[in-house]
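One-letter residues, chain by chain:
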Number of protein chains: 2
Amino acid sequence: MVASPKALLDELKRLFGPRVLLARPEKAVYRYDAILVGEEPLAVVLPETREEVQALVRLSRNFGVPLVPRGAGSGLSGGSVPLEEAIAVAFTRMTRLEVDPRTQTAWAEPGVTTARISEAARPFGLFYPPDPASYRTSTLGGNLGENAGGPLCFKYGVTGDYLLELEWVDAFGEVHRLDRKAYDLPGLLVGSEGTLGLITGARVRLLPFPKHRATLMALFPQVEALAEAVSRAIALGAVPARLEFLDASCVDAVEDYLHMGLPRGHALLLAETDGDDPELVQEELALLEETALALGGKVRRARDEGEAEALWRARRAVSPALGRIRPKRVNEDIAVPRSALPQVVREIEALGKAFGLVVVQFGHIGDGNLHPNILFDPRRESEEKVWELAHEIVRVALRHGGVLSGEHGIGFMKRKFMGEAVDPETLGALEAVKEALDPWGLLNPGKVLP
Amino acid sequence: MVASPKALLDELKRLFGPRVLLARPEKAVYRYDAILVGEEPLAVVLPETREEVQALVRLSRNFGVPLVPRGAGSGLSGGSVPLEEAIAVAFTRMTRLEVDPRTQTAWAEPGVTTARISEAARPFGLFYPPDPASYRTSTLGGNLGENAGGPLCFKYGVTGDYLLELEWVDAFGEVHRLDRKAYDLPGLLVGSEGTLGLITGARVRLLPFPKHRATLMALFPQVEALAEAVSRAIALGAVPARLEFLDASCVDAVEDYLHMGLPRGHALLLAETDGDDPELVQEELALLEETALALGGKVRRARDEGEAEALWRARRAVSPALGRIRPKRVNEDIAVPRSALPQVVREIEALGKAFGLVVVQFGHIGDGNLHPNILFDPRRESEEKVWELAHEIVRVALRHGGVLSGEHGIGFMKRKFMGEAVDPETLGALEAVKEALDPWGLLNPGKVLP
């Protein structure tokens, strides 16, 4: 309980005027990310400058009230959800963006949406590769906080791989701007979900836009054959830009929704190659086609961009298709060695049956990043059981040499598992870093660390 | 002064037997890296396992004697040079290496030489891209400690970009093994020169070996035209694998040494493109050729691998060629925005003249990483003046928006400049991290931080 909430709120109003939200319906929106619900914040503040962020940190310390930073709230691990009485700091008004084609970089404030970076870079023949599914709404600050990935990350890497320089406000209210030399504090802040500092700007690397793309879809009666086809093609030198996998339940759901003529009970692979040379792009896809055919896959190869778009509809239809089965879902995010993937998919299928809950699985198979989704109806099915199953799914990943989070971050959802994934001594080292950079524990408490 | 050096040495002998070096001539070797000379260590220890590294950390703490980790000693910033009475920990016996072609990764102990990783990966069609000039002798541990780059880093990135998982022993003697999720402590240790922990193993990412390469050399009467040609070609979409620059003094030195027929007073560009498609590789090189010709460059294009090798001899001959001018040199390492490069080269040239010292310049022009070398004869020229000039060179870089270190690390050589390159608040944050992870200050004291 804050000692003098009125004094705090008065000070916020004085500093931020209409950019502090205090009405309950307005504040309620900031309890959520795309999966979890937390506590209603004391206030929501929409800063516009780094000096305002500094002022917020000083207020937070003076009043002992935590800050919970957030972007668009499209996160999937509860990283931006308030867990106690706190000020929600929404960075959506900090949207300055400058593309520098000479250095092939962009300087962006944290509220810039991911898609906008590529849009601003396009006139210069450049793009920003990290592409989380929510890239039209998600913000760079949130992407950095969670070190977000996306379908392109097998070939192109994740958000942190594109960070050249970071500006942030620390727990002491100081502004830092640092490249990645000496101690890589910018890299340390990537994936730290606002628990070590509040990001106010970033210089990111852009890449020349590939001139050509090609797509195929392959359907397999068994997940094993699909995973093996991917592994063989990669071993032969293919570096597809996107490699998406849908399990049979997921394919059936998509077919019920779209009526694309997909065979029932089959696992589906969507692959895209890209590059500047059209022949090479086709050759790389041919490698995937040959290995898929050799392993009993049925292949559809897109002849042009239009056909490619039609095939990719299957992937994009996953969310609405699943929404027709049950109104709610928990979207898990694990990563396992690709060779373990068929076994992991089977075990998670069996767990779903044992729990009596609908589980579908899809993900970025190139790097073994799997999203098992538990579909449920909160009016008829126990949410507690859903979370129990979600935890069992994480344990399957850890048992097979996998990791807690592929690309959604640890947040609140996975923090309990840090104790199972990381040994106590290493957790101690993580805590020492948190203690050094946020001695009062006011930056996004209750996230990342157990 | 250590309280009881005899007790410490006895304990070291008991634990490490013949793998502790105590004779003065043996120890003297460990005072050096490739540039600087430090203090003679109390003892040199050659651990073979991570448990032995843990034992060393415990001894260090019990006796209050610092540890100075080192690989091959080929560093260029004094990172591995002892600055006080210390135990030198040479990781050259920890050389276990396992390539896993299925995951396209390698697990390597810190003493594995950089070149050996690519050699072990080659039978699987893979390679390890970071290629510091010393890659035949330098070790992975040293490369990680300095976040080493190399000619390929413009296209392929630096050492840290290839780190997937790190094992290290911390100041408390605990072993950690962590991937790059949650708080990225592995990333924090990259470039920290052993000041935050001692690396005992790393999983690195491998890439499929490009099937084709092409090379050209271009000579320009002015550095400006050379830099502009590079910038234009990159803006047009060329992503050369290697882009090396030699200034006119450097070219003259090479010509005196090799008699290749290089025109005097010209700046030289060497460019290599690579990829799986031979036509695309040639097209990318053609982009460079056209822009070079348009800007008054004289171009020699290699018709085959043999001719390419002959052209690359010019670059590889730099070190011996410079050795004939003066017996010693200080190899600076700055990075500036590519657009500032011509001006920076001119200012450094002028500084050399003002100091009456021979300065030659070369580097990786793609990312503006410049190596101004001050050549001197310690019998005739003042070493103090040499270092004064080296410092002025760093100031030129900082004035032009550049950074302290391109790829050699901060080490001992650049630490004084951290105070000019980084503001006091940010230095405070770096110190807090050091204090949290090495509270007794026994891990490579006197490096990185001022």
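About the cut-offs
Residues numbered from 1 in each chain as written. Chains lettered and ligands numbered in written order. Predicted model: local features only at pLDDT ≥ 70, side-chain atom pairs only at ≥ 80, totals over all residues. Heavy atoms only, no water. Domains from an automatic or database assignment. Least-squares fit on C-alpha atoms with pLDDT ≥ 70 in both. Contact = heavy atoms within 4.5 Å. Patch = residues over 30% accessible without salt bridge, like charges linked within 9 Å, V, L, I, M, F, W, Y side chains within 5 Å. Areas by Shrake-Rupley, 256 points an atom, 1.4 Å probe, with all protein chains shown as cover. Salt bridge = Lys/Arg side-chain N within 4 Å of Asp/Glu carboxyl O. Lys, Arg positive; Asp, Glu negative; His and termini not counted. Charge placed at Lys NZ, Arg CZ, Asp CG, Glu CD. Helix = DSSP H or I, 4+ residues; strand = E, 2+ residues; numbered from the N terminus. Pairing = 2+ DSSP bridges. Axes fitted to C-alpha atoms, helices over the stretch in contact; angles between N-to-C directions. Phe/Tyr/Trp six-rings, centres within 6.5 Å; stacked < 30°, edge-to-face > 60°. Buried < 20%, exposed > 50% of the residue type's maximum accessible area, 1.4 Å probe, protein only. Lys NZ or Arg CZ within 6 Å of the ring centre and 35° of its normal. Parallel < 35°, antiparallel > 145°, perpendicular 65-115°, else oblique. Left-handed = near helix turned anticlockwise from the far one by under 90°. Nonpolar A, V, L, I, M, F, W, Y, C, P; charged D, E, K, R; others polar. Buried area = accessible area lost by both parts, 1.4 Å probe. Polar contact = N/O pair within 3.5 Å; in protein donor to acceptor, adjacent residues only side chain to side chain. Disulfide = S-S within 2.5 Å.

A.B. asks: Mind showing me how you'd approach the domain arrangement of chain A here?
C.D. replies: Accessible area lost upon the coming together of the parts serves often as the stated size of an interface. Partitioning chain A into structural domains gives domain 1 (5–92), domain 2 (95–208), domain 3 (212–319) and domain 4 (326–410). The distance between the C-alpha centroids of domain 1 of chain A and domain 3 of chain A comes to 43 Å.

A.B. asks: Is there a simple way to think about the relation of the copies chain B and chain A in this case?
C.D. replies: These two copies of the chain differ by a rotation about an axis and a displacement along the same axis. By a simple turn and slide, chain B fits onto chain A: the slide is 0.0 Å along the axis, the RMSD is 0.0 Å, and the turn is 180°. Within this description, the copies of the chain are treated as partners about a two-fold rotation axis. Of the residues that chain B buries at the interface, 100% are likewise interface residues in chain A, meaning the two copies contact each other through the same surface.

A.B. asks: What should I look at first to understand a negative patch on the surface in this one?
C.D. replies: On the surface, a cluster of negative charge is made up of Glu279 and Glu283 of chain A together with Glu279 and Glu283 of chain B. In this structure, Glu279 of chain B sits in helix 10 (residues 278–294).

A.B. asks: What's the story with the sheet that holds strand 2 (residues 43–45) of chain B in this structure? I'm lost.
C.D. replies: To summarise the sheet geometry, strands pair through backbone hydrogen bonds and adopt either a parallel or an antiparallel arrangement. All names here are of chain B. Ordered by their spatial adjacency, 4 strands build an open sheet running 1-2-4-3, and the pairing between neighbours is mixed. Strands at the two margins of the open sheet, each flanked by one partner only, are strand 1 (20–21) and strand 3 (67–70). Sheet topology places strand 3 next to strand 4 (residues 87–90); 4 bridges connect them, and they run parallel. By the bridge assignment for strand 4, Leu67 is matched with Ile87. Against the sheet, helix 3 (residues 50–63) touches strand 2, strand 3 and strand 4, its axis set at about 150° to strand 3.

A.B. asks: Would you mind showing me how to read the packing of aromatic side chains here?
C.D. replies: The geometry of an aromatic ring pair comes down to the distance between the two centres and the angle between the two planes. What the rule picks out here adds up to 8 aromatic pairs over all chains. Ring geometry for Phe172 of chain B versus Trp440 of chain B: centroids 5.1 Å apart, planes at 70°, classification edge-to-face. With Phe172 of chain B in the loop between strand 8 (163–169) and strand 9 (175–179) and Trp440 of chain B in the segment after helix 16 (424–437), this pair connects stretches of sequence that are 268 residues apart. The class of Phe172 of chain B is partly exposed, set by a relative accessible area of 39%. Ring pairs connect the aromatic residues Phe127, Tyr156 and Phe209 of chain A, which therefore count as one cluster. The aromatic ring of Trp107 of chain A is capped on one face by Arg177 of chain A, whose charged end is 3.8 Å from the ring centroid. Sitting over the ring of Tyr162 of chain A, Arg205 of chain A keeps its end group 4.7 Å from the ring centre.

A.B. asks: Teacher, can you tell me more about the packing of helix 13 (residues 341–355) of chain B against helix 14 (residues 383–399) of chain B here?
C.D. replies: For any two helices packed against each other, the geometry comes down to the angle between their axes and how far apart the axes lie. Residues and elements named next belong to chain B. Orientation of helix 13 relative to helix 14, taken along the N-to-C sense of each, is 160°, at an axis distance of 10 Å. One element, helix 13, and the other, helix 14, form an angle in the roughly antiparallel class. Between helix 13 and helix 14 lies a crossing of right-handed hand. From helix 13, Val344, Glu347, Ile348, Leu351, Gly352 and Phe355 reach across to helix 14, where they touch Lys385, Glu388, Leu389, Glu392, Ile393, Val396 and Arg399. Its residues assigned to classes, the contact of helix 13 with helix 14 shows 7 nonpolar, 1 polar and 5 charged.

A.B. asks: Explanation requested: the interface of chain B and chain A in the structure shown.
C.D. replies: Every contact between the two is made by 48 residues of chain B and, on the other side, 48 residues of chain A. For the pair chain B and chain A, the two sides together bury roughly 4100 Å², of which 62% comes from carbon and sulfur. At the surface where chain B touches chain A, the tally comes to 0 salt bridges. Our count for the contact surface shared by chain B and chain A stands at 6 residue pairs in polar contact (both at pLDDT 80 or more). Elements with a minimum of two residues in the side of chain B that touches chain A: strand 9, helix 7 (185–189), helix 8 (223–235) and helix 16 of chain B. With 9 residues, helix 16 of chain B is the largest single contributor of residues to the side of chain B that touches chain A. For the side of chain B that touches chain A, the residue count by class is 24 nonpolar, 11 polar and 13 charged.

A.B. asks: Help me understand the state of the cysteines, please; the structure alone is not making it clear to me.
C.D. replies: Working definition of a disulfide: a covalent bond connecting the sulfur atoms of two cysteines. Here the structure, examined in full by the defined rule, presents 0 disulfides over all chains. Cys250 of chain A supplies the cysteine sulfur nearest to Cys153 of chain A, a cysteine that is in no disulfide, at a spacing of 18 Å.

A.B. asks: In this structure, what is going on with the pattern of salt bridges? I would like to understand it.
C.D. replies: Where side chains of opposite charge bring their charged atoms close, a pairing between them can arise. All told, the structure shown has 72 salt bridges over all chains when counted by the stated rule. Between Arg399 of chain A and Glu347 of chain A there is a salt bridge whose closest N-O contact spans 3.1 Å. Of the two residues, Arg399 of chain A sits in helix 14 (residues 383–399) while Glu347 of chain A sits in helix 13 (residues 341–355), which places them 52 residues apart along the sequence. In this structure, the salt-bridge partner of Lys211 of chain B is Asp276 of chain B, at a minimum N-O distance of 3.8 Å. On the criterion of sequence distance, the pair formed by Lys211 of chain B in the loop between strand 11 (207–208) and strand 12 (212–220) and Asp276 of chain B in the loop between strand 14 (267–275) and helix 10 is long-range, its members being 65 residues apart. On the basis of relative accessible area, Lys211 of chain B is assigned to the exposed category, the value being 56%. Each of the salt bridges in this network shares a partner with another, and the network as a whole consists of Arg50, Glu51, Glu165, Glu167, Arg177 and Arg203 of chain A.

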